[in-house]
Amino acid sequence: MTKIAVIGSGTMGNGIAHVFAQYGHQVALIDLEHKILEKAIDRISQNLDRQIEKGTVLEDDKEEILDRIQTFTQMEEGSKHADIVLEAATENLPIKIEIFQKLDQICPKQTILATNTSSISITKIASATNRPEKVIGMHFMNPVPVMKLVEVIRGYSTSHETVHQILALSRNLDKVPVEVNDYPGFVSNRILLPMINEAITTLFEGIAGVEEIDTVLKLGMAHPMGPLQLADFIGLDVCLSILNVLHEGFGYPKYSPCPLLVNMVQAGHLGMKSGKGFYKYTIGSKEKTVAERFKSNRQY
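Scope of this entry: the structure provided in the associated data block. As the structure is a computational prediction, the values presented were derived from the model and not from experiment. The residue numbers shown here count from 1 along each chain, following its written sequence. Given that this is a predicted model, residues contribute local features only at a pLDDT of at least 70 and side-chain atom pairs are listed and counted only at 80 or more, while totals for whole chains, interfaces and linings are drawn from all residues. Based on all heavy atoms of the structure, the side-chain values leave hydrogens and waters out of the count.

## A short note on the nonpolar core
In plain words, nonpolar cores are sets of buried Ala, Val, Leu, Ile, Met, Phe, Trp, Tyr and Cys residues tied together by side-chain atoms within 4.5 Å. For each residue, the accessible area found with a 1.4 Å probe, counting protein chains only, is set against the maximum for its type, and the residue is called buried under 20%, exposed over 50%, and partly exposed in between. With 34 residues, the main nonpolar core has Ile 16, Phe 20, Val 27, Met 138, Phe 140 and Ile 166 as its most contacted residues. Working definition: helices are DSSP H or I runs of at least four residues, strands are E runs of at least two. Numbering for both runs from the N terminus. For this core, the leading source of residues is helix H1 (residues 11-22), giving 6 residues. Setting aside chain neighbours within four positions, we find Ile 16 in contact with Val 6, Leu 86, Ala 88, Asn 116, Phe 140 and Val 144. Membership of the second largest hydrophobic core comes to 28 residues, among which are Leu 243, Leu 246, Tyr 255 and Ala 291. Residue contacts are counted whenever heavy atoms from the two residues lie within 4.5 Å of one another.

The structure is reproduced here in structure tokens:
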């Protein structure tokens, strides 16, 4: 049994805590406020109920899984005894640097410091610590309890031992780890985000509507979700942030965010989490309709 600390209890953080607890690990889930943590535990409980309905978790195991998760509002209290700390805070470099600097002071020298970042340099984060050989990327996919992939990102100084430990830990969670090197966007988002950006540009230029673009990718390329719906699911602000990292990291025009995406984020239309993106979402329901702005086939 490994002692895990998870920093950040949002969508990714609570999913990561859920999976570690499900597979027998003690988890310290850390966030700024008790009410945020209570919401996270409620979400984990709901997701366990879904797994019970599907037969992937036994009803008798639910309480044991939840009992393995303790919540903390103080980083030091929650992470000082951890074997591995996994940061799942917002996708913002200064915030991550601050967290890793604190963790480097709090945690024992043998503790591995991992980040769930989807695009930010592991090497840059590691440089803020005195243990760069023990800093690594562990990029889970959303929703964490369902998706099998974990991108394991080796920073410039990450040791072989650290990589092997994280690969083994990922397999222990019944995930499929894929080792990649540390360059902007890694593999998943270096390929995915340009596709999403091109779908947004196709809409922006009036070539086709939201549902038409998504249908072409779903039926023509066997994607389970169209790129515009997927962008809403990821969060348009997150998509924009990753594209900016790619653009700044490589300098290639192909990574330049579509102006429509920039405008939507500035307007607060962030996708599912704000209730409106390319689609409009009904709170507490899986129902969606094309957002009013995009119902006519025109340039935006």
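## Focus on the pattern of salt bridges
A pairing counts as a salt bridge when a side-chain nitrogen of Lys or Arg comes within 4 Å of a carboxyl oxygen of Asp or Glu. Taken as a whole and assessed by the stated rule, the structure comprises 11 salt bridges. In this structure, Glu 33 engages Lys 35 in a salt bridge whose closest nitrogen and oxygen atoms are separated by 3.8 Å. Its relative accessible area of 37% is what places Glu 33 among the partly exposed residues. Glu 64 is paired through a salt bridge with Arg 68; the nearest N and O atoms lie 3.7 Å apart. Look at the salt bridges and you will find they share partners, linking Glu 87, Glu 91 and Lys 96 into a network.

## Looking at the packing of aromatic side chains
Aromatic contacts are taken between Phe, Tyr and Trp rings whose centres are within 6.5 Å, Trp giving its six-membered ring; a plane angle under 30 degrees counts as stacked, one over 60 as edge-to-face, and the others as tilted. Per the stated rule, a full pass over the model turns up 6 aromatic pairs. With a centroid separation of 5.6 Å and 15° between ring planes, the pair formed by Phe 250 and Tyr 252 is classed as stacked. For Tyr 252, a relative accessible area of 40% puts it in the partly exposed group. Site record: aromatic cluster; members linked through ring pairs are Phe 250, Tyr 252 and Tyr 255. Above the face of the Tyr 279 ring, Lys 288 is positioned so that its terminal group lies 5.1 Å from the ring centre. Whether a charge lies above a ring is judged from NZ of Lys or CZ of Arg, which has to be within 6 Å of the ring centre and within 35 degrees of the ring normal.

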